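Here's the letter readout for the chains.
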Amino acid sequence: MKKFELTKKSSDVYAFCALLLATSAILVYTDVYNKPNNENLEAGVYLQANRIDALDIADGAVYAYKQEASTGEFDFVYNKYQVVNIDDRTQDVLIPGTGDFAPAFYASDTALFYKGTLESYEVVVEIAEGKVRIEKEDSPHHYCKIQGWVGEAGMPIICAPNYFMVVIEEVVDA
Amino acid sequence: MRKTHNAILKIARLGMFLAFGVILNFAESYIALPMIAPGVKLGLANTVGLIVLYYFGEKEFVAVGFLRIILTALFTGFGYNFFISLAGWFLSSLLVVLLVQFKNLSIFGLSMVSAVSHGLGQIIMVSILYESRYMLNYLPVLSFAGIVTGLAIAFVAREALKRIVINE
């Protein structure tokens, strides 16, 4: 039972051209009509398709997300840790909402990050010059870290298989 | 007696191809191409799909594809990836089964259509799950990659089909 042929046919070339044309058409459509309004952008943070956070992309900052003890196999809760001034890099800093002090453990050129031990966070998101990247994450192949800086609205950075996603998009009114 | 023998042989062969597809799926996660574009895969498991379609038929092709997703999900969990894979499988199987009826396309055309429609199905599902139409902006990347990987997979599947001989 031979369902198809193994040698190239002329209709393959037509199919190739049709697919290329369709790709170009979608590219033009998405580039012209499906762009977010560039005036008013923020980085949306999603976990399992739930919008868990929105980050201001105007200023350089680093945010880390920690996986709390999960209540089920696919039920994650991530906590946002706030960022303090870069000058405080060496000092113990106040943990928001707790009143406790902890030493800083992560620093980049744009911001400082604090609280907890190195083992206690899973995902670090860095923002600089209107671009966003995932600095550190716990997915097995580190695709989203390899992807690097993304400044384009609508281009998602997706970490599989932990379903963590960051994408620059229009500001969503709460 | 001969008929029963053939039925058993067919089940054994399909089971073998199914297992091979799951293994290729797993192995591929180590040779994915994140440097080129995130989310782009070669789709090596699709070579198995093409071989099954060539030797066994549409029904078996659809079934092996579906069972491969279920089996993979048993290892990785029935999370969002499962639904995204399911959407990709559904659209690509639908189009391939439809186009095979016309007998116009060879393995190259079918593989290209399969890869591109797989990406399209996945992006549609992602857009629904994430409730964001901007996810569609990623479609041109996936679709162009689908044309290239589809051709590559067709070459691989053709070389495999030349060497695998199944006598009915």
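As shown above, the structure is provided for reference.
Residues numbered from 1 in each chain as written. Chains lettered and ligands numbered in written order. Predicted model: local features only at pLDDT ≥ 70, side-chain atom pairs only at ≥ 80, totals over all residues. Heavy atoms only, no water.

On to the interface of chain B and chain A. In this complex, chain B contributes 48 residues to the contact, which on the side of chain A involves 40 residues. The largest contributions to the chain B side of the interface with chain A come from Tyr54, Tyr130 and Tyr134 of chain B, which together make up 19% of the buried area. The interface formed by chain B and chain A includes 1 salt bridge. Where Glu58 of chain B meets Lys3 of chain A, a salt bridge forms, and the shortest distance between an N and an O atom there is 3.1 Å. Put simply, chain B and chain A have 9 residue pairs in polar contact (both at pLDDT 80 or more) between them. Elements supplying a minimum of two residues to the side of chain B that touches chain A: α2 (45-55), α3 (58-76), α4 (80-102), α5 (107-130) and α6 (139-163) of chain B. Of the residues forming the side of chain B that touches chain A, the biggest block, 9 residues, is contributed by α5 of chain B. A breakdown of the residues in the side of chain B that touches chain A according to their chemical character gives 32 nonpolar, 11 polar and 5 charged. (Contact = heavy atoms within 4.5 Å. Buried area = accessible area lost by both parts, 1.4 Å probe. Salt bridge = Lys/Arg side-chain N within 4 Å of Asp/Glu carboxyl O. Polar contact = N/O pair within 3.5 Å; in protein donor to acceptor, adjacent residues only side chain to side chain. Helix = DSSP H or I, 4+ residues; strand = E, 2+ residues; numbered from the N terminus. Nonpolar A, V, L, I, M, F, W, Y, C, P; charged D, E, K, R; others polar.)

Residue and element names in this part refer to chain B. Taking 1.5 Å per residue as the helical rise, α5 with its 24 residues ought to reach 34 Å, and the 34 Å between its terminal C-alpha atoms agrees with that figure. Taken across its 24 residues, α5 has 17 buried, putting it largely inside the fold. Two residues or fewer past α5, Glu131 is found with a positive phi of approximately 50°. (Expected span 1.5 Å × (residues − 1). Buried < 20%, exposed > 50% of the residue type's maximum accessible area, 1.4 Å probe, protein only.)

A word on the nonpolar core. Grouped together as the largest cluster of nonpolar side chains are 35 residues, with contacts concentrated most on Phe4 of chain A together with Phe17, Val52, Tyr55, Phe56, Ile107 and Leu161 of chain B. For this core, the secondary-structure elements that each account for two or more residues are α1 (10-33) of chain A together with α1 (2-28), α2, α3, α4, α5 and α6 of chain B. The greatest single-element share of this core, amounting to 8 residues, is contributed by α2 of chain B. Among the nonpolar cores identified, the runner-up in size contains 22 residues, and Tyr63, Tyr65, Cys144 and Val166 of chain A belong to it. (Core = buried A, V, L, I, M, F, W, Y, C linked by side-chain atoms within 4.5 Å.)

Residue and element names in this part refer to chain A. Two strands pair when backbone bridges link them, and strand β9 (residues 123-128) and strand β10 (residues 131-136) are joined in this way by 5 bridges, in the antiparallel orientation. Among the inter-strand pairings, Val124 is bridged to a residue of β10, identified as Lys136. In sequence, β9 turns back onto β10 through a hairpin of 2 residues, with Glu129 there showing a positive phi of about 55°. (Pairing = 2+ DSSP bridges.)

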